[in-house]
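Spelled out, the chains give:
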Amino acid sequence: MEKKTERTINHNGSFSVKETTTFTPEDGAVPLQDVRPAAPFSEVRGKSHIGYAATKTTTTNDPRITKPLVWFFAIVFLLVAFFAYAIGYWPFSIPFAGSAIFILVKGRRDVNRVAKKMEAQGQDATIDSPEELAEVLSGASGQLKNDMKESMRATFTKDHVHHFIKLTLPIYAVLTLAASLGMGFLVSKFLGIFVFCMLTVGGLLYFLLLLLLQSISSKK
């Protein structure tokens, strides 16, 4: 596992931290939560990943970005709480409402603390015009697109894709043949042929998609 951290100072004095983590088969079984940190805990709990993968995270203390995010997540949790209450599952609304209040109170306090410190140093901590809002949104969306491209470029390399195909293609071929023969003998020859054709076409499309993603991610 290789981890790289890059810290930059933004033009308004805030900072951004970019962290890239690359996994290889030599790392063995790693917790899936480390590979997919943004995934819901219920989806990654108790699961592991073996093979190539790359994750990229970006954090910032810029109040112009963090303050809207605090309100966004608080509103989302409040909407979930309201929906649960509206359909009669009011006990489920309590933790969501509590989470919304916690996010709003704790998040605003942390954001305001950073904003006051920046303003005391004469730095910009608020969005004062539509032009500045457009600039912040453009920068955030551009950073997100760049992070996705870099993650794809680190994951879908030529060696990674070829290694995955070499490892999984024989297994997929055996499973396809076994499923087709099983259906052919147990149900009917027609169904066996149909399953074989569907699995073969589906597998070819999947592996061709991997090669296409590798080709796209290799372009600068």
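A word on the overall build of the protein. A count of helical and extended segments in the protein gives seven helices and five strands. Traced from its N-terminal end to its C-terminal end, the protein shows the element sequence β-β-β-α-α-β-β-α-α-α-α-α. Looking at the 220 residues of the protein, the share that counts as buried comes to 24%. Considering only contacts within the protein whose residues lie at least 6 apart along the sequence, 56% involve residues at least 24 apart. Carbon and sulfur atoms provide 69% of the accessible area of the protein, an area that totals close to 15300 Å².

This part covers the pattern of salt bridges. Under the counting rule described, the total for this entry stands at three salt bridges. D110 serves as the salt-bridge partner of K106, at 2.7 Å between the closest nitrogen and oxygen. In this pair, K106 and D110 both sit in helix α4 (residues 90-120), four residues apart, roughly one turn of the helix. Judged by relative accessible area, which is 32%, K106 ranks as partly exposed. Note that D110 is salt-bridged to R113, the shortest N-O span being 3.3 Å. One end of the pair, D110, and the other, R113, are both in helix α4, three residues apart, so they sit about a helical turn from each other.

Per-residue confidence for the protein averages 80 on the pLDDT scale, and 90% of its residues sit at or above 70. Between the elements of the protein, mean pLDDT differs from a low of 58, seen in helix α2 (residues 41-44), to a high of 89, seen in helix α3 (residues 63-86).

Here the structure, examined in full by the defined rule, presents five aromatic pairs. Measuring from centroid to centroid gives 6.2 Å for Y172 and F207, while their planes differ by 85°, and the two rings are edge-to-face. On the criterion of sequence distance, the pair formed by Y172 in helix α6 (residues 158-186) and F207 in helix α7 (residues 189-217) is long-range, its members being 35 residues apart. With 5.5 Å between their ring centres and 70° between their planes, Y206 and F207 make a pair best called edge-to-face.

This part takes up the packing of α3 against α4. Between α3 and α4, the least distance of the axes is 8 Å, while the angle of their chain directions is 170°. With respect to α4, the axis of α3 lies roughly antiparallel. Residues of the contact of α3 with α4, tallied by class, amount to 22 nonpolar, four polar and two charged.

Looking at the element boundaries, K18 is found in strand β2 (residues 15-23). The side chain of K18 is buried and forms no salt bridge, while E6, the nearest opposite charge, is found at 4.9 Å. For K18, the residues in contact, after removing those within four places along its chain, are K4, T5, E6, K56, T57, T58 and Q143.

So, on to a nonpolar patch on the surface. A grouping of L177, L181, M183, F185, L186, V187 and F196 is seen on the molecular surface, where their side chains present a nonpolar patch of about 770 Å² in accessible area. Tallying contributions element by element places α6 first for the nonpolar patch, with five residues. Relative to the helices and strands, F196 resides in helix α7. Taking the relative accessible area as the measure of exposure, F196 reaches 38% and is therefore partly exposed.

In terms of burial, strand β1 (residues 2-9) is largely open, as just zero of its eight residues are buried. Bridge count between β1 and β2: eight bridges; the pairing is antiparallel. Bridged to E6 within β2 is K18. Hairpin connection of β1 to β2: five residues between the antiparallel strands, including G13 at a positive phi of 95°.

Quick look at α4 now. An α-helical turn contains 3.6 residues, so a residue and the one three or four places further along point in the same direction. The end-to-end C-alpha distance of α4 is 44 Å, a good match for the 45 Å that 31 residues give at a rise of 1.5 Å each. All of the buried residues along α4 are S93, A100, G107, V111, A115 and M118. Residues of α4 that are buried sit in contact with α3. Looking at the residues trailing α4, positive phi occurs at G122, about 75°.

Calculation rules
Residues numbered from 1 in each chain as written. Predicted model: local features only at pLDDT ≥ 70, side-chain atom pairs only at ≥ 80, totals over all residues. Heavy atoms only, no water. Helix = DSSP H or I, 4+ residues; strand = E, 2+ residues; numbered from the N terminus. Buried < 20%, exposed > 50% of the residue type's maximum accessible area, 1.4 Å probe, protein only. Contact = heavy atoms within 4.5 Å. Areas by Shrake-Rupley, 256 points an atom, 1.4 Å probe, with all protein chains shown as cover. Salt bridge = Lys/Arg side-chain N within 4 Å of Asp/Glu carboxyl O. pLDDT = per-residue confidence, 0-100. Phe/Tyr/Trp six-rings, centres within 6.5 Å; stacked < 30°, edge-to-face > 60°. Axes fitted to C-alpha atoms, helices over the stretch in contact; angles between N-to-C directions. Parallel < 35°, antiparallel > 145°, perpendicular 65-115°, else oblique. Nonpolar A, V, L, I, M, F, W, Y, C, P; charged D, E, K, R; others polar. Lys, Arg positive; Asp, Glu negative; His and termini not counted. Patch = residues over 30% accessible without salt bridge, like charges linked within 9 Å, V, L, I, M, F, W, Y side chains within 5 Å. Pairing = 2+ DSSP bridges. Expected span 1.5 Å × (residues − 1).

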